[in-house]
Structure formats: structure tokens, C-alpha cells
Amino acid sequence: MNGNSRNAPQRIADVLRERIRAGELRAGERLPTQAELAEEFGVERGVVRRALRVLADDGLLSNVSKGSPPRIAEPAPASDEPRPTMVGLAPRLTDAFRAAHVRIDVVSHTSETLMVAVGEPVRLIHEGRLRPESIEFRVLLPSRTINLAFPVLVAEGAEDADGGGPVHERWLQMRNAQAQVLQHNLQSVRHTHGIDVHVRFRALPFTPPMKLYLLNGQEALLGYYLLARREEEWGTQTLDMYDALGSQSLLFSFARQAGRRDQAFVEESQKWFDALWETITTDLTLSQ
């Protein structure tokens, strides 16, 4: 690593942050000495000190002093106050984008909140404050051909499935438009910054009752869709339907480092997602 580069402290911090997330550096353990880190990365100790300040500012180090190497901070408990998706997702995504290789897996009903939340880390990439080497998104959305559990018309016996009614048509247009914006925004960092970006979608054969975000295999964010009756103008019609406002769903965080129960939840959630991706889901085309 070029020790004269002004980005060297951030790059060292990113490497150490990734080791913490991967469990190579565990909570309570001491970091190697500044001399050892300077030798490993081929930089001056001053560069290492600046990198450690970055990690300390992020809350990842404790007992930071001149007398001895700092320790890896204990992770924040998973019982932190859950926040609505629109509020809580962006900072967690931004933190995930600090990794060298970003991998985000998502199960949701549309891409609305994900599309909005991705705007923050993408902005930081364009500003030069984040610089991942690769970004991979895998997103599972309901298939256009299924009978959706929601949104549905309130009127009993009203048919609105398989693209044959206004509620289904509204949802389909939203699903496609939001996913296309998400894809475009992520691909923009490939063209402007040369980052290796892959964004893929597959279609679920069922309506997911919850939304799930898996961040770098280290954290799972879970939120339940809560249904409510509401009306919305669509074209020349007023749609009286049961629908969910996903942006208001509370996100519950489970982090691998927060204990065995959380670790098991993250691992099983990742297995569940991978199994869906590789078996009963199909290629999804973002078109009408």
C-alpha cells in the first residue's frame, strides 16, 4: 500500500473493519500494535494512527490510548430501538458499503425503500468517501403472474390478478419502475468509478409477508408488512384496497457478532435466501 496516498488511512481502516465483521478480530481482543500494522501495510505509524481514529470514530474500537493497542469494541446490542425502514435502512446500507466487497441480498414486495436508501451510499461513492471494489445485489420480488395476497381490492369477489385488474397493474408498474431506478443508480458507479457492479433480480412464486435485507452476510434486517385499508387514485379510478406501506415497517437488526442467537438467525436467513434463489424462483424481466 502506498503510504504517501491520502487515501491510505481509509483503506487500512476498511481492511480492519472487514476483519472485524468477518470475525477475524473479535470483540474484546486487542489490535496488533501500531508498529505491527505499519509493517503489515507498508506505511508510517502516523498513517496507522489516522486509520485507527477512523475506526474509533465509527465506534469499532475501545480503550483507545497511547499506552497500549486499542480493543475491538463490543457490538451494539441487537435490541436497539427498531426504526421504520425508510429511516433505518440507509445508514445500515452505508455502513455495509464500507466493505471492500459489498453483497446485499433482499426479499421484498417492491424496491421502493431500497431504491431510496441506496441513494446515500451511492452519493458517498460519487463524492469519493466510499470506495468498494465490488458491489453485488440480489433481489427477490413477487412474480407478475401470481395472485398477490396484497395489495388486493376490498370488495369481495373482485378479480385483480394475473395482470387483469387495476390494483395488480399499479403494483406491477411500481415494481418495475423502482427496480429499474435501483439498477440504474447502482450501475452508475460502474461507469463513473470503475467499480465491479452486478444487480440481479429473480421472481418469487409467492407474496412475501415480510421484508429481509442481508448485508455482507454479517447482518440481517427484518421487517413485517402490516396491512391496512386505504384508497388511492389510479388513472380514472379510486382503488379501495388492502395494502402495506413498507416504508413504515419497523426493521429489527440481527448481527452475527451480537451473540449465538443472532449469529444463527443471520446464517439461517442467508441459507433461506440462497435456497429460494437457486430453486423455485425464476428470472425476472423488468418490463411490462
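Within every chain, residues take consecutive numbers counted from 1 along the sequence as written. Given that this is a predicted model, residues contribute local features only at a pLDDT of at least 70 and side-chain atom pairs are listed and counted only at 80 or more, while totals for whole chains, interfaces and linings are drawn from all residues. With hydrogens and water excluded, all non-hydrogen atoms of the structure serve as input to the side-chain values.

**Q** Sorry, what's going on with helix H7 (residues 166–193) here?
**A** Given 3.6 residues per helical turn, the α-helix brings residues three or four places apart onto the same face. The first and last C-alpha atoms of H7 sit 41 Å apart over 28 residues, in line with the 40 Å expected at 1.5 Å per residue. A positive phi of about 70 degrees marks Gly194, the residue just after H7. To qualify as a helix, a DSSP run of H or I must reach at least 4 residues; to qualify as a strand, a run of E must reach at least 2; elements of each kind are numbered from the N terminus. An expected span of 1.5 Å times one less than the residue number is assigned to each helix.

**Q** Explain the sheet that holds strand E3 (residues 83–84) here, please?
**A** Where strands meet in a sheet, backbone hydrogen bonds hold them as pairs that are either parallel or antiparallel. What makes two strands pair is DSSP finding at least two bridges between them. Taken in spatial order, the 8 strands of this open sheet run E3-E12-E9-E8-E4-E5-E7-E13, and their pairing is mixed. In this open sheet, the two strands that pair with only one neighbour each are E3 and strand E13 (282–283). Relative to strand E7 (residues 196–204), strand E5 (residues 134–142) runs parallel, the two sharing 9 bridges. The partner of Val139 across the bridge, within E7, is Phe201. Any pair of residues with heavy atoms lying within 4.5 Å of one another is described as a contacting pair. Orientation is described by axes fitted as lines to C-alpha atoms, over the contacting stretch for helices, and by angles from 0 to 180 degrees between their N-to-C directions. In the packing of helix H8 (residues 260–278) onto the sheet, contacts are made with strand E4 (101–107), E5, E7, strand E8 (210–215), strand E9 (219–224) and strand E12 (250–255), and the angle to E5 comes to roughly 70 degrees.

**Q** Just to check I follow, could you spell out the packing of helix H6 (residues 119–126) against H7 for this structure?
**A** The axes of two packed helices give the description: the angle between them and the distance between them. Two elements in contact, H6 and H7, have axes separated by 10 Å at closest approach and are oriented at 10 degrees. Overall, the two elements H6 and H7 adopt an arrangement that is roughly parallel. Along its contact with H6, which presents Val122, Ile125 and His126, the element H7 presents Asn185, Leu186, Ser188, Val189, Thr192 and His193. Classes in brief: Ala, Val, Leu, Ile, Met, Phe, Trp, Tyr, Cys and Pro nonpolar; Asp, Glu, Lys and Arg charged; the others, Gly included, polar. Among the residues making up the contact of H6 with H7, the classes are represented as 4 nonpolar, 5 polar and no charged. For classification, angles of less than 35 degrees are called roughly parallel, those exceeding 145 degrees roughly antiparallel, those between 65 and 115 degrees roughly perpendicular, and all remaining angles oblique.

**Q** Would you explain the pairing of strand E11 (residues 237–244) in this entry?
**A** In regular strands, side chains alternate between the two faces of the sheet. Relative to E11, strand E6 (residues 152–153) runs antiparallel, the two sharing 2 bridges. Paired with Leu153 across the bridge in E11 is Met241. Where strand E10 (residues 227–234) meets E11, 8 bridges bridge the pair, whose relative direction is antiparallel. Paired with Leu227 across the two strands is Ala244, which belongs to E11. Joining the antiparallel neighbours E10 and E11 is a turn of 2 residues, in which Gly235 adopts a positive phi near 65 degrees.

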